[in-house]
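These are the residues of each chain, in order.
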Amino acid sequence: MNKKAFYLWFLASLLLYTCSRPTTQSTHGSSKEFTIDTWVKTTPVKDQGRSPFCWMFAMLATIESEHLMMGDSINLSTDYVARMLLQEKAHDYFFSRRDQPILLRGMGSTLIHLIQTYGAEPYDSYYSREPVNYYVLCRKIEQMVRTTISLHQLNTHLLNILDNEVGYMPNIVFMLGMEYTPRQFGQSVCLPDEYVSLTSFSHHPFGQRFVLEMDDNVLRDSFLNIPIDSLMHHATVALQHGHPVCWEGDVSEPGFDFDKGTAELQHEKATIDQLYRQRSFEQRKTTDDHAMELCGLAHDRQGNRYFIAKNSWGPNNLYGGYMYLSYNYVKLKTIALFMSRKAYEAGTTSGK
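The numbers attached to residues start from 1 for each chain and follow its sequence in the written order. It should be noted that, the model being predicted, local features are given only for residues of pLDDT at least 70 and side-chain atom pairs only at 80 or more, the latter also being counted only at that level, while totals for whole chains, interfaces and linings use all residues. Computation of side-chain values covers all heavy atoms of the structure but excludes hydrogens and water.

## What about helix α7 (residues 182–189)?
Relative accessibility decides the category of a residue: with a 1.4 Å probe and only protein chains considered, values under 20% of the type maximum give buried, values over 50% give exposed, and everything between is partly exposed. The way it works is that DSSP assigns letters per residue, a run of H or I at least four long becomes a helix, a run of E at least two long becomes a strand, and they are numbered from the N terminus. Among the residues of α7, those classed as buried are Pro182, Phe185, Gly186 and Val189. When α7 is viewed along its axis, its buried side chains cluster within an angular range of 100° and face the same direction. Those residues of α7 that are buried are in contact with α2 (54–68), α3 (78–95), α4 (108–118), β2 (173–175) and β3 (178–180). In this description, the arc belongs to the directions extending from the helix axis to the C-beta atoms. Contacts are assigned to residue pairs that have any heavy atoms within 4.5 Å of one another.

## Focus on the pairing of strand β11 (residues 305–310)
Most of β11 is tucked away: five of the six residues are buried. When DSSP finds at least two bridges between two strands, those strands are taken to pair. Sheet analysis places strand β10 (residues 290–300) next to β11, joined by six bridges and oriented antiparallel. Across the sheet, residue leucine 297 finds its bridge partner in β11, namely phenylalanine 307. The antiparallel hairpin formed by β10 and β11 contains four residues in its connecting segment, where glycine 303 sits at a positive phi of about 85°. The sheet contact formed by β11 and strand β12 (residues 322–326) spans five bridges and is antiparallel. Note that in β12 the partner of alanine 309 across the bridge is methionine 323.

## Comments concerning unusual backbone geometry
Unlike most non-glycine residues, arginine 220 shows phi in positive territory, near 55°. Look at arginine 284: it is not a glycine, yet its phi comes out positive at around 65°. Considering the arrangement of structural elements, one finds arginine 284 in the loop between α9 (274–282) and β10. We classify arginine 284 as exposed; its relative accessible area is 64%.

## Looking at the confidence of the model for the chain
Summary statistics for the chain give a mean pLDDT of 89 and a share of 90% for residues scoring 70 or more. This model gives residues 1–17 a pLDDT under 50, and the stretch forms 13 contacts once residues within four places in sequence are excluded. Below a pLDDT of 50 lies the segment residues 22–29, which in the model reaches eleven contacts outside its immediate sequence neighbourhood of four places, other chains included. pLDDT: the predictor's confidence for each residue, scored from 0 to 100.

## Some remarks on the pattern of salt bridges
When a carboxyl oxygen of Asp or Glu lies within 4 Å of a side-chain nitrogen of Lys or Arg, that pair is called a salt bridge. With the rule as written, the count across this model stands at nine salt bridges. The partner of aspartate 163 in a salt bridge is arginine 83, and the shortest N-O contact between them spans 2.9 Å. With aspartate 163 in helix α6 (residues 151–165) and arginine 83 in helix α3, this pair connects stretches of sequence that are 80 residues apart. Residue classification places aspartate 163 among the buried positions, given a relative accessible area of 12%. Here arginine 83 falls in the buried class, since its relative accessible area comes to 2%. Between lysine 333 and glutamate 253 there is a salt bridge; the shortest N-O distance is 2.7 Å. Within this pair, whereas lysine 333 is found in helix α10 (residues 327–333), its partner glutamate 253 is found in the loop between β7 (245–249) and β8 (256–257), the two being separated by 80 residues in sequence. For the pair lysine 333 and glutamate 253, a shared accessibility class is recorded, and that class is buried. Here the residues in one salt-bridge network are Asp250, Glu253 and Lys333, joined through shared partners.

In structure tokens, the structure reads:
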């Protein structure tokens, strides 16, 4: 590998790791005791392992919980959606003449696009028996594409790689005695306009949609821009009405500690307002480097409010893989929220 190729590979690797679990964690115990005020049903905590797919895990978890609150029991396959994404990226890489490395960035809206395009599979129907290192798999696909001379050859080799690394694809989805194609099943679990994308930044007018300027917004999706107090209101009311929320934001703060299961600002008493948020965003102190499902509300002994988040780094922390995010942490560090239209309307009718 020449120096230029090595540099591009190294840079791509750094970019890919943006939402992976940190390699070093705090081992301090937590003295926090929480009282749960609201809890939304969830599927079991999963582990994204060696993948950059926090956005995929978080949005799928949100869709799952939305169905659980309606009485439907579904558990969706991340490996299926990841496979479809890799197929798409491999074709892009082939036709772009391999100018850029394959990157697997995304947001909750990206996941919805993938479901609408390729459908979905239940977790039990399609999952890898062995954990997939998607970083290594990307490099294997890149290497294969560089030696491919035709689209037919690409599709043949790509199918073999994905079957070997991820698993063989079922043609039919069986669910509750019914048969579906993956696309039919995807349409049954997520309608095209079922979810609302929200953000809150003052460099665009409130009450309008704009394309969020984040590297992870690969499809250049637009988000409804609302004041931060309204955003917090909608998240709180959604959870109070039993609806989950997909949260995307910044976990680079020193106060975010997976092992302790808490995320707090260093100066929790500071006032978090729109101006403070905007300044933090413009100075790159607030970035989009992780995603989780918000699934509950809680408070500590002092009455401080917290959001409960289902993380995707496995169950090995003090709260079985769940996190308690302080109200101020969410208020400052949120980049975007995704919630069902019903959840959004619940916040609208309750007023703010």
